[in-house]
Every structure is written in C-alpha cells, then in structure tokens.
Amino acid sequence: MEKNITATLAGALKKQKYHLIGNHSAVKRCKWLHESIVNDRPCYKQKFYGIKSHRCIQMSPSLYYCTQQCLFCWRAQSGDLQITWDEMRFPSSDSPEEIVQGSLKAQEKILTGYKGNPKADWGKFQEALSPKHVAISLTGEPTLYESLGELIRTFHQKDFTTFLVSNGTLPAKLSKLSQEPTQLYISVCAPNELVYKRVCRPQFPGAWAKLNETLDLLQSFHCPTVIRMTLVKELNMKDVDGYAELVAKANPTYIEAKAYMHIGFSNLRLGFESMPLHNEIRYFAEQLADKTGYKIIDEAQESRVVLLSRLKKPIQVGKS
Ligand code: SF4
Ligand code: SF4
C-alpha cells in the first residue's frame, strides 16, 4: 500500500481507537471489556464458553486486507473515505512474536485508562493486566497472513486461549494451519451463491466454491467449530433450507445466529433499520433448529445472538 494512503487510513483508524501494530495488525478495545470492568456485564462468549471478557485482547493480523467486502462489515474497506487500495495484496509480513508483543503492549495501554477510574472493578482491572484470551477477529481475513498458525502457537505458548474468525474463502490456508485455535469460527452469511455475491461481495471469482470447500473440511478440525451467521434484515435472513444444507455439510459444534450491528464503517453501507431485533434472530434460529436438528442451547438478548448445538451445553474453554 502506498505510504500516503497508509497514513490517511491509519489516521482515520486511530480516531476510532485502533492501536496499530507494525505493517498490518491492530488491537482495539472491545466494548465488552469495558462493560465487564465497569458495569460487570461480560460478553456473550463469556456466558457461552467461559472466556473472560476483561482478560480478552481483540486483534487482527490483517487490518486492511480481506477477500470479501461484506456490506455489514465494520472495517474500513477500499472506497470508504475516498481511499482505494488492493485489499488482496498482503504486504511483507511482520513476525508472530512482533505481533504478539505489540498486542500485549497495546492492551496494556488500553488498560491504563482504568487505573484512575472510580467505576472500575479493581480486582478485574488487576486480572485484566494479565490477559488470557485473544479474539483474532477484529477486521480483515486473518488467513491472508502467512504465519497465522505460528501466531496462534505463540499466543498458546503464553498460555492464551484463541478464537479465530475466518470467512472461509482460503481453504488451502486453513487446511495447512500449523496450529489450531482453541475455537474456530467460519462466517457463513448467505444461504446461496446469489445472496453471497450481493451481501459478502467476494473479491475473486469462485469464492463461494472455496467457502464450500472450507465447510467440507471443517470436520477435520479437532477444536470446537462454529458457523457464525451475521444476519441483516431484508438481505440474508431468507432461505433457511440453504443455510441448513451448509450446516449439514460442515457439521459444526455450534451455530451462532447473530444480528448485524450498525457500527463502524458499516454505517456507510447499511441503515439502522437493517439491524434485526432479538426476537427476529430467535425466530430465524428456531427455523434453523427445525431444519438442522440442532437445538437452541443459549442466547444473549443484549447482543442479539442465539446459540445452537447438538451438545446440551457449550464446552467451557476459558481459563480463569
Ligand atoms: S470474546 Fe469477543 S466480544 Fe468477548 S470480549 Fe473478546 S472480543 Fe469482545
Ligand atoms: S469477511 Fe469479515 S473482515 Fe472481511 S469484509 Fe466480511 S465481515 Fe469484513
């Protein structure tokens, strides 16, 4: 990416409180880290899987780069802010150790703000200073980063749990991952190719077939797997049969049906009214349960998300 473009983009992202690391990574404070420390309201992943929101780093090794341009995405996409760049052209890579160290430093910086905050829970603040979980999910497609497996391994060696979120368009990279994450998420945000092209806007031909390849190989993973559906009103909440076929192919441990949230740069592409209500997500999940044989095992109204599984209870992967 050209230097002047990087500088303009970086400036815009810093304003949105992104902490930039090296050439292609970033950490951003998750709203739920704040909610957990200040208001004792953790995220739904703490409720479901036991990871601790106040000890979680939200980061990406692929800040500006992705194989899709989903309408609902909160990241800055080429064309937003009148800046264009090739989102598929990943730059020369920083090392996993540099990214991990940069992430830890950024998290420390984020947390200093709570030192003098009378509303902060002191015990949680102290624990937060030793993070235990990393959500590799902030923006972009992480499998574009060549050393992703090594990055995960480096976090694990430091006693972190990792959740990796991928859009599944690069199955060759996923199948060669040298280290599995603690939990693997694949985003499936369309029930068929037509909707996929309209909503997820893939940046190369044949991406739908690649996503399907990923779904085929999902069962070869040993870690718990999740199909994550980000649902947008009027756009991708139809054709439950199509979604059910994709679920059958992948046989994931869980399905998370979640409402689109009108935040970040998605505001440039979708309106506030595109956010489904929790009861609409619940209705969709009930239909999906009916078609797939999965059961609704939990939900979190404040995040408008419903969890489905064949398990009776989700596996607790979080460390204390
Ligand atoms: S797991 Fe996700 S939602 Fe929960 S605190 Fe971490 S980044 Fe935020
Ligand atoms: S795959 Fe993820 S990062 Fe890429 S455009 Fe879609 S939502 Fe954004």
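Residues numbered from 1 in each chain as written. Chains lettered and ligands numbered in written order. Predicted model: local features only at pLDDT ≥ 70, side-chain atom pairs only at ≥ 80, totals over all residues. Heavy atoms only, no water.

Enquirer: Can you walk me through the nonpolar core in this structure?
Expert: Core analysis: the biggest nonpolar cluster contains 82 residues, and Met 229 and Phe 284 have the highest contact counts within it. When residues no more than four places from it in sequence are discounted, the contact partners of Met 229 are Val 188, Tyr 243, Val 247, Ile 255, Glu 256, Ala 257, Lys 258, Phe 284 and Leu 288. (Core = buried A, V, L, I, M, F, W, Y, C linked by side-chain atoms within 4.5 Å. Buried < 20%, exposed > 50% of the residue type's maximum accessible area, 1.4 Å probe, protein only. Contact = heavy atoms within 4.5 Å.)

Enquirer: Which parts of the structure should I look at to understand the site of ligand 1?
Expert: For ligand 1, the full set of nearby residues is Cys 30, Trp 32, Cys 43, Lys 45, Ile 51, Ser 53, Cys 56, Gln 58 and Ala 135. Residues of the shell around ligand 1, tallied by class, amount to six nonpolar, two polar and one charged. (Near = heavy atom within 4 Å. Nonpolar A, V, L, I, M, F, W, Y, C, P; charged D, E, K, R; others polar.)

Enquirer: Which parts of the structure should I look at to understand the environment of Ala 250?
Expert: Examined against the element boundaries, Ala 250 turns out to sit in helix H10 (residues 240-250). Between the C-alpha atom of Ala 250 and that of Glu 213, which follows or precedes it by 37 residues, the distance is 9.5 Å. Excluding residues within four positions of it along the chain, Ala 250 makes contact with Leu 215, Leu 218, Gln 219 and Ile 227. (Helix = DSSP H or I, 4+ residues; strand = E, 2+ residues; numbered from the N terminus.)

Enquirer: It is not clear to me how the sheet that holds strand S2 (residues 25-28) should be interpreted in this structure. Could you clarify?
Expert: Pairing within the open sheet is mixed, and its ten strands lie in the order S1-S2-S3-S5-S6-S7-S8-S9-S11-S10. Pairing within the sheet leaves two strands with one partner each, and these edge strands are strand S1 (18-21) and strand S10 (295-300). Each neighbouring strand pair of the sheet contributes to a mean axis angle of 25°, computed without reference to strand direction. Relative to strand S7 (residues 183-187), strand S6 (residues 161-166) runs parallel, the two sharing four bridges. By the bridge assignment, Val 165 is partnered in S7 with Tyr 185. The sheet strands contacting helix H4 (residues 96-112) are S1, S2 and strand S3 (56-60), and the helix crosses S1 at an angle near 150°. (Pairing = 2+ DSSP bridges. Axes fitted to C-alpha atoms, helices over the stretch in contact; angles between N-to-C directions.)

Enquirer: Would you mind going over the pairing of S2 with me for this structure?
Expert: Where S1 and S2 come together, four bridges link them in antiparallel fashion. Of the residues in S2, the one forming a bridge with Tyr 18 is Lys 28. Counting the residues in the hairpin turn of S1 and S2 gives three residues, including Gly 22, whose phi is positive at 55°. The pairing of S2 with S3 spans two bridges and is antiparallel. Within S3, the position partnered with Ala 26 by the bridge is Ser 60.

Enquirer: Just checking my understanding: could you explain the packing of helix H9 (residues 207-217) against H10 for this structure?
Expert: Think of two packed helices as two axes; the pair is described by the angle between the axes and how far apart they sit. Orientation of H9 relative to H10, taken along the N-to-C sense of each, is 45°, at an axis distance of 7 Å. On the basis of the axis angle, H9 is oblique to H10. The segment H9 lies against H10, with Trp 208, Asn 212, Leu 215 and Asp 216 engaging Leu 246, Lys 249 and Ala 250. Classifying every residue of the contact of H9 with H10 by side-chain character gives four nonpolar, one polar and two charged. (Parallel < 35°, antiparallel > 145°, perpendicular 65-115°, else oblique.)

The values are spatial; any link to function lies outside them.
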